[in-house]
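# Reading the structure
Chain residues, written in single-letter form:
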Amino acid sequence: MTAGVAGLSVVDLREVALGLGDDCLVLSHRLAEWTTHAPELEEEMALANLALDLLGQARSLLTLAGEADGRDEDQLAYWRDDRDFRNLLLLEQPNGDFAVTMTRQVLFSTFQELLYRGMAAGTEPRLAAIAAKGVMEARYHVEHARLWVQRLGRGTEESHRRMGQALDLLWPYTQELFKPTESWSRAADQGAVPPLSSIEEPWRHSIESLMVDSGLEIPGFPAWQSGGRLGRHSEHLGHLLAEMQHLHRSHPNASW
Amino acid sequence: MPAGEELARRLAAEVPDPELPFLTLGDLGILRRVEVNLEGGVRVVLTPTYSGCPALHHMADEVRRTLLAAGFPAVQVDTELSPAWSTDRLGPHAREKLEAMDIAPPPPVDKAPVALTLKCPHCGSLRTGELSHFGATACKSLWRCQACGEPFEHFKALR
Ligand SMILES: [Zn+2]
């Protein structure tokens, strides 16, 4: 095993970048599904902007992940099957209604901002560069999603009810955010990425105070779901990939 | 400095942004380096404004086309993320050009990054508010003036 920069092995760098890149790619695709379906024009543009930021981050991360075995971003995005994807299960969950989409966003973007903040100060220069750029974007995603969660939570009886349902639906996927893979733990030991335990507390504090502000209650003892980082996905990812990869696989050298 | 480096730098800096064509790569502050080797080949380094900026590829193509047309034998355009671009990198003329196009520029470097209020580019009123943080392109947000009722765009701060 070759040692990378800062003592991080090539394999661990690849696994870390792949997980984070797949998070961005899968959520970007989900957000893009809202295009032409958003509740208002301004929100349509906002969701497309979020999707674009995440797609840009995905491209940088997957390019880095592919360096180890000579695969480019497109090969990684379009020619892997679901069991080779390393994204969090939270992000492949269907959009549902707007409450589900915004709850998913706030749970993830809050996590991503904290993670990028740590990684931007980390010892692996390429991961740090991607994170330093991404953290500026994640901050705005968090602000946007928090406003919606508050507005819907404190809105009508119906919007409040739907927000409660969304939180119940997605909360079981949040424990996985803080379960490190072996590669992550080694990368954290090298100072390349923050230990996930170090961002769990600030994440919890941020989410709990938001939910209190929004009049929403975090579910008590859900049946935790995990496995995405190890390639064990729900059927939803298969359907998402079928749509995302169809064109590229049918016309491998298409360009327009 | 090898011959032609100054020319290559000037030509690259003058390439317009396809989304805001009155701004150049030099105005935006996204042109990092221009190097000319002994054979006359040029290497240009750009940095994106936003991670997913869809205009970056177009700008790279345009730089390549412009320099080849000017007679440089080979042109390579690379991108570099670090240090991350921020709106503090906008060139001295960028703010004036944005204002001339009725787009409210980001606050100056020494001011708070997030504007609480902006001057309406139509009537000058300060009674304005943000409609949406995300506008028609990644770098802009959408505002409305309560005095004249007109919407306007803001080249939002990124830091
Ligand atoms: Zn006005």
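For clarity, every value in this text was computed on a predicted model and none was experimentally measured.

### Here we look at the overall build of chain B
Along chain B, the regular secondary structure elements total 4 helices and 7 strands. Counting helices and strands in the order they occur from the N terminus, chain B gives α-α-β-β-α-β-α-β-β-β-β. Dimensions along the principal axes, computed over C-alpha positions, put chain B at roughly 60 × 25 × 25 Å. Counting all 159 residues of chain B, 48% fall into the buried class. The contacts of chain B with a sequence gap of at least 6 include a subset with a gap of at least 24, amounting to 55%. Roughly 7600 Å² of accessible area belongs to chain B as shown, and the carbon and sulfur atoms make up 55% of that amount. Charged side chains of chain B number 17 positive and 20 negative; the gap between the two group centres comes to 4 Å.

### Some points on the domain arrangement of chain B
Interface size is commonly expressed as the accessible surface area that is lost when the partners come together. Residues and elements named next belong to chain B. With domains assigned, chain B is organised as domain 1 (5-85) and domain 2 (88-155). On a C-alpha basis, the centroid separation for the pair domain 1 and domain 2 is 26 Å. Each side of the interface is counted separately: domain 1 has 14 residues, and domain 2 has 14 residues. Here domain 1 packs against domain 2, burying approximately 1200 Å² in sum over the two surfaces, 70% of which is carbon and sulfur. By the criterion of area lost to domain 2, the three top residues of domain 1 are Leu 20, Phe 22 and Asp 27, representing 44% of everything that side buries. Here domain 1 is connected to domain 2 by 1 salt bridge. At the surface where domain 1 touches domain 2, the tally comes to 2 residue pairs in polar contact (both at pLDDT 80 or more). Looking at the side of domain 1 that touches domain 2 element by element, the count peaks at 3 residues for helix H2 (residues 25-28). The residue inventory of the side of domain 1 that touches domain 2, partitioned by class, reads 8 nonpolar, 3 polar and 3 charged.

Each value, and the rule that gives it
- In this convention, every chain numbers its residues from 1, walking through the sequence in written order.
- Each chain takes a letter, starting from A, and each ligand takes a number, starting from 1, following the order in which they are written.
- For a predicted model such as this one, the threshold for reporting local features is a pLDDT of at least 70, and the threshold for listing and counting side-chain atom pairs is 80 or more; totals across whole chains, interfaces and linings nevertheless cover every residue.
- Side-chain figures throughout are based on the complete set of non-hydrogen atoms in the structure, without hydrogens or water.
- Numbering of helices and strands runs from the N terminus, with a helix taken as a DSSP run of H or I at least four residues long and a strand as a DSSP run of E at least two residues long.
- Residue burial is assigned from relative accessible area. The probe radius is 1.4 Å, only protein chains are included, and a residue is buried under 20% of its type maximum, exposed over 50%, and partly exposed in between.
- Any two residues having at least one pair of non-hydrogen atoms within 4.5 Å are treated as being in contact.
- Areas reported as accessible are Shrake-Rupley estimates using a 1.4 Å probe. Residue values count occlusion only from the protein chains shown.
- By the counting scheme adopted, Arg and Lys are positive, Glu and Asp are negative, and His together with the chain ends is not counted.
- Note on charges: their place is set at NZ of Lys, CZ of Arg, CG of Asp or CD of Glu.
- For every domain, the bounds stem from an assignment made automatically or drawn from a database.
- Buried area is a sum: the accessible area each of two parts loses on coming together, probed at 1.4 Å, counted once for each and added.
- When a carboxyl oxygen of Asp or Glu is within 4 Å of a side-chain nitrogen of Lys or Arg, the pair counts as a salt bridge.
- In protein, a polar contact means a hydrogen-donor-capable atom and an acceptor-capable atom, both N or O and within 3.5 Å, with residues adjacent in sequence counting only if both atoms are side-chain atoms; elsewhere, any N or O pair within 3.5 Å suffices.
- For this classification, the nonpolar set comprises Ala, Val, Leu, Ile, Met, Phe, Trp, Tyr, Cys and Pro, the charged set comprises Asp, Glu, Lys and Arg, and every other residue, Gly included, is treated as polar.

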